[in-house]
Amino acid sequence: MFVTSLDLPLRGRDRELSHIRDVLAYGCTEGNALLVIEGPPGSGKTRLLRACAAMAEEMGYTTPDSPRTVRRAAFGPRRRGLPEPAARHHRPHLRLPTGRPALLLLDEAERLGDEAVDALLARRAGLHGRPAVHVVAHRTGRGPDALGAILATPTGRRDHIGLGPLDASACAELATDLLGMPPSPELIRLLDRAQGLPRLIVAFLTGLREEQALRVVDGEAHPVGRPLPQRLRSQVATTLATFSPDCRRLLRTAAVLGPELEYEVLAPMLRTSPSGLVGLLDEAVGTGALHSDGNRTVFRGELLRRAIADTVPATLKRALLREAEQVQRAQARETDAAPPAGATVPLNDRQSAVVRLVAEGLTNQQIARRLDVSPHTVNYHLRKLFGSYGVRSRIDLLRAVESRRERADCA
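Residues numbered from 1 in each chain as written. Predicted model: local features only at pLDDT ≥ 70, side-chain atom pairs only at ≥ 80, totals over all residues. Heavy atoms only, no water.

Engineer: Help me get a handle on the sheet that holds strand 2 (residues 102-106), residues and values and all.
Structural biologist: Spatial ordering of the open sheet is given by 2-3-1-4, a layout of four strands whose pairing is parallel. Whereas interior strands pair on both sides, the edge strands pair on one side only; in this sheet they are strand 2 and strand 4 (157-162). Neighbour to neighbour, the strand axes of the sheet diverge by 15° on average, direction disregarded. Pairing analysis gives five bridges linking strand 2 to strand 3 (residues 132-139), with the strands arranged parallel. Within strand 3, the residue paired with Leu 103 across the bridge is Val 133. (Pairing = 2+ DSSP bridges. Helix = DSSP H or I, 4+ residues; strand = E, 2+ residues; numbered from the N terminus. Axes fitted to C-alpha atoms, helices over the stretch in contact; angles between N-to-C directions.)

Spelled out as structure tokens, the structure:
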């Protein structure tokens, strides 16, 4: 029988739950504590706050606010006839049972405004010196700067939890919880493309279920085709709307071009320079949509990349691909002149990999699959290499690279 995401147990977070229990135990016996939970969108911060609230209640805490209540107090839309959120939750003289510590929760702290700060200060004042544990959740890369007044008070303990992706075992357990049956190996391979983001996995599986794109064979859930459910598309579009306009533009453009970001192509397309991309990439990586290892920047999973690319209309996708090709051709023409005789042409890691796979006799399509990039990207690198070495064929490229290496070794 299918269940909803609200019924799901918390999977893959045993270490984090143990950490939270340790902090709450400290608050019961030692005094004030602060716990900051950080992670990208969809990593399960709100779900962990709910588990924290339930755990604290079992341990005898008073919990005047749930994660959802605090979120609405800080960011919820105002309805006609209701007071402003800060006024509605301004309870400085809240009666709490004596002798019990308080748990104060704050979700999406990166979006905190002045009104919410005032409300939280009033709520803290209402504790009248009672020991309290503050648990604050915020998005990676967007720290709770507005919380200075809240967090400045000395506490007995300060802790931090960084939420990473779920491992493969936890993803399979989550799928089984949601579907009421284990996922088939084929469905597990599709889930691998979600790169361990719980919200993405839930949206994907719930969408498949809603669109009847699953069938049961031998007690396992099998996907029917390889669809991208509308629920997943909507979820990703909603999350994109919380990013800055420049960050959205970067992610949507890059998603159309392929799994890996090519800075030299993206910079002119976004009307900036490579140095202008630095801050923008920091923000984009902070969203969790991208991953950078210092050499390459790639999308965190094909499922997410496809969902982001699908927010771009088909006609605009074709126009972006044409523009990228024009940029690449222009750059290839700039390097068309052969380098001076005896000069060496340094290769970056990606170019070296392309040359190595060309030497193995692989086609552009095979090289693209091996490097997890698009054939479009492989063709771009080859054109640049042809221009740098002043050659017109793969054989001539391999000869030129080898000749330059021999001269470099002899130098």
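Okay, back to it.
Engineer: Help me get a handle on the layout of surface pockets, residues and values and all.
Structural biologist: Taken as a whole, the second largest pocket encloses approximately 340 Å³ of empty space. Lining the second largest pocket are 16 residues; nearest its centre among them are Glu 262, Asn 295, Asn 348, Arg 350 and His 381. Breaking the lining of the second largest pocket down by element, the ones donating at least two residues are helix 12 (263-269), helix 16 (349-359) and helix 18 (375-389). Across the lining of the second largest pocket, the residue classes tally to three nonpolar, five polar and eight charged. (1 Å grid on protein atoms, 1.4 Å probe; cavity = no way out; pocket = protein on both sides within 12 Å on 5 of 7 lines; lining within 4 Å. Points joined across faces, edges and corners; volume = space filled by probe spheres on them. Nonpolar A, V, L, I, M, F, W, Y, C, P; charged D, E, K, R; others polar.)

Engineer: Got a sec to walk through the pattern of salt bridges? Specific residues and values, please.
Structural biologist: Here the structure, examined in full by the defined rule, presents 14 salt bridges. A salt bridge links Arg 356 to Glu 360, with the shortest nitrogen-to-oxygen separation between them at 3.7 Å. For Arg 356, a relative accessible area of 45% puts it in the partly exposed group. Each member of the salt-bridge network shares a partner with another, and the members are Arg 11, Glu 173 and Asp 177. (Salt bridge = Lys/Arg side-chain N within 4 Å of Asp/Glu carboxyl O. Buried < 20%, exposed > 50% of the residue type's maximum accessible area, 1.4 Å probe, protein only.)

Engineer: Which residues make up the nonpolar core, and what are the values?
Structural biologist: Counting residues in hydrophobic clusters, the biggest one holds 59 residues, and the most contacted among them are Leu 187, Phe 204, Leu 205, Leu 232, Leu 251 and Ile 308. Apart from residues no more than four positions distant in its own chain, Leu 187 is found in contact with Leu 179, Phe 204, Leu 205, Leu 208, Leu 214, Ala 221 and Pro 223. Among the nonpolar cores identified, the runner-up in size contains 23 residues, and Ile 37, Ala 51, Met 55 and Ala 137 belong to it. (Core = buried A, V, L, I, M, F, W, Y, C linked by side-chain atoms within 4.5 Å. Contact = heavy atoms within 4.5 Å.)

Engineer: Which residues make up the side chain of Thr 297, and what are the values?
Structural biologist: Within the secondary structure, Thr 297 is located in strand 8 (residues 297-299). Looking at Thr 297, its side chain comes within polar contact range of the side chain of Tyr 263, at 2.5 Å. What Thr 297 contacts, discounting residues up to four positions off in sequence, is Pro 259, Glu 260, Leu 261, Tyr 263, Leu 281, Leu 290, His 291 and Ser 292. (Polar contact = N/O pair within 3.5 Å; in protein donor to acceptor, adjacent residues only side chain to side chain.)

Engineer: Could you give an account of empty space enclosed by the protein, with specific residues and numbers?
Structural biologist: For the structure shown, the criterion picks out six cavities of 30 Å³ or more. In this structure, the largest cavity encloses a volume near 170 Å³. Lining the largest cavity are 15 residues, and of these Pro 41, Leu 197, Leu 200, Thr 239 and Leu 304 sit closest to its centre. Secondary-structure elements contributing two or more residues to the lining of the largest cavity are helix 9 (198-210), helix 10 (230-240) and helix 14 (302-309). The leading source of residues in the lining of the largest cavity is helix 10, at four residues.

Engineer: Hey, could you go over the packing of helix 16 against helix 18 for me, with residue numbers and the actual values?
Structural biologist: Look at helix 16 against helix 18: their axes get within 10 Å of each other, and the N-to-C directions meet at 90°. One way to sum up the angle between helix 16 and helix 18 is to call them roughly perpendicular. Seen from helix 16, the contacting residues are Arg 350, Gln 351, Val 354, Val 355 and Val 358; seen from helix 18, they are His 381, Leu 382 and Leu 385. (Parallel < 35°, antiparallel > 145°, perpendicular 65-115°, else oblique.)

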